[in-house]
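Residues per chain, in single letters:
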Amino acid sequence: MQQYLKNMLASFRNIYGFVFLLGSMSRRERTFISDEQKDALRSAFQEGMTSVGSPMIAAAAEATGLAPVVIDNWIGNYRRSVKTPAFPKPQKTKLYTRELSAYNLFCRDLLRNN
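The name given to the protein in an unreviewed UniProt entry is Homeobox domain-containing protein, and the organism recorded there is Ameca splendens. Note on the protein: under the UniProt heading Subcellular location (unreviewed entry), the record states "Nucleus".

What follows is the structure in structure tokens.
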């Protein structure tokens, strides 16, 4: 399988004249945020660090030791988690409710009698 991929990559290089950067599209490792760091981020959020372009991000990054990109992601995730809807979603009423079919009624009665 690996040899097949190498051959495919070589053929793409020959045809298109460029190299695919396979490693650049990989995901980065998951960042674990400790409870102390979360508390510091929450207090900074309450003090006004509510948007991604906030100038307080650099100070929060220095205080927590996290990268600014991680803090940007945390702000977006935290904002979604604390966001309350402006109005509750109304329940949709069913337009049509189905009655039990004759077969289902028969099976129900049959199983009750046994």
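On we go.
1. A few points about the overall build of the protein
Looking only at helices and strands, the protein has five helices and zero strands in total. Counting across all 114 residues of the protein, residues that qualify as buried make up 17%. Within the protein, contacts between residues separated by at least 24 positions form 50% of all contacts whose residues are at least 6 apart in sequence. Accessible area for the protein stands at about 10400 Å²; split by element, carbon and sulfur atoms hold 57% of it.

2. Here we look at helix α4 (residues 68-82)
The periodicity of an α-helix, 3.6 residues per turn, causes residues three or four positions apart to be oriented the same way. Compared with an ideal rise of 1.5 Å per residue, which puts 15 residues at 21 Å, α4 spans 21 Å between its outermost C-alpha atoms and is within 8% of the ideal. Along α4, the residues classified as buried are V70, I71, W74, I75, G76 and Y78. Among the structural elements, α2 (35-47) and α3 (56-64) are those in contact with the buried residues of α4.

3. As for the nonpolar core
Counting residues in each nonpolar core, the largest one holds 14 residues, and the members touching the most others are I33, L41, M49, L66, I71, W74 and I75. For this core, the elements supplying multiple residues, two or more each, are α2, α3 and α4. The dominant element in this core, judged by the number of residues it contributes, is α4, at five residues. When sequence neighbours within four positions are dropped, the list of residues in contact with M49 reads L41, A44, S54, M56, I57, A60, I71 and I75.

4. Considerations on the packing of aromatic side chains
Scanning all chains against the criterion turns up three aromatic pairs. Seen from their ring centres, F45 and W74 are 6.3 Å apart, and the 85 degrees between their planes marks the pair as edge-to-face. One end of the pair, F45, is in helix α2; the other, W74, is in helix α4, and 29 residues separate them in sequence. Relative accessible area serves as the criterion here: at 13%, F45 is assigned to the buried category. Using a relative accessible area of 12% as the deciding quantity, one classes W74 as buried. Cluster of aromatic residues (ring-pair linked, three or more members): F45, W74 and Y78.

5. Notes on the environment of D39
Examined against the element boundaries, D39 turns out to sit in helix α2. In the structure, D39 is positioned 25 residues away from T64 in sequence and 9.7 Å away in space, judged by C-alpha atoms.

6. So, a nonpolar patch on the surface
Side chains of Y103, F106 and L110 sit close together on the surface and give an oily, nonpolar patch of about 360 Å² of accessible area. Here F106 lies in helix α5 (residues 102-113).

Cut-off values and rules
- Every chain is numbered on its own, with residues counted from 1 as its sequence reads.
- For this predicted model, a pLDDT threshold of at least 70 governs which residues receive local features, and a threshold of 80 or more governs which side-chain atom pairs are given and counted, while totals over whole chains, interfaces and linings are taken from all residues.
- To obtain the side-chain values, all non-hydrogen atoms of the structure were included, while hydrogens and water were left out.
- UniProt positions are given in the numbering used here, feature names are shortened, and annotations may be inferred rather than shown by experiment.
- Numbering goes from the N terminus for both helices and strands, where a helix is a DSSP run of H or I of at least four residues and a strand is a run of E of at least two.
- The classification of residues rests on relative accessible area computed with a 1.4 Å probe and restricted to protein chains. Under 20% of the type maximum is buried, over 50% is exposed, and intermediate values are partly exposed.
- The contact rule is simple, with two residues in contact once any of their heavy atoms fall within 4.5 Å.
- Using the Shrake-Rupley algorithm and a 1.4 Å probe, accessible areas are obtained, with residue cover drawn only from the displayed protein chains.
- Expected span of a helix: the number of residues minus one, times 1.5 Å.
- As used in this record, nonpolar core signifies buried Ala, Val, Leu, Ile, Met, Phe, Trp, Tyr and Cys residues forming a set joined through side-chain atoms within 4.5 Å.
- Stacked, tilted and edge-to-face are the three classes applied to pairs of Phe, Tyr and Trp rings, where Trp contributes its six-membered ring and a pair requires centres within 6.5 Å; stacked means planes under 30 degrees apart, edge-to-face means over 60, and tilted covers the rest.
- A residue counts toward a patch only above 30% relative accessible area and without a salt bridge, and it is joined to like-charged neighbours within 9 Å or, for Val, Leu, Ile, Met, Phe, Trp and Tyr, to nonpolar neighbours within 5 Å.
- Put simply, a salt bridge is a Lys or Arg side-chain nitrogen that is within 4 Å of an Asp or Glu carboxyl oxygen.

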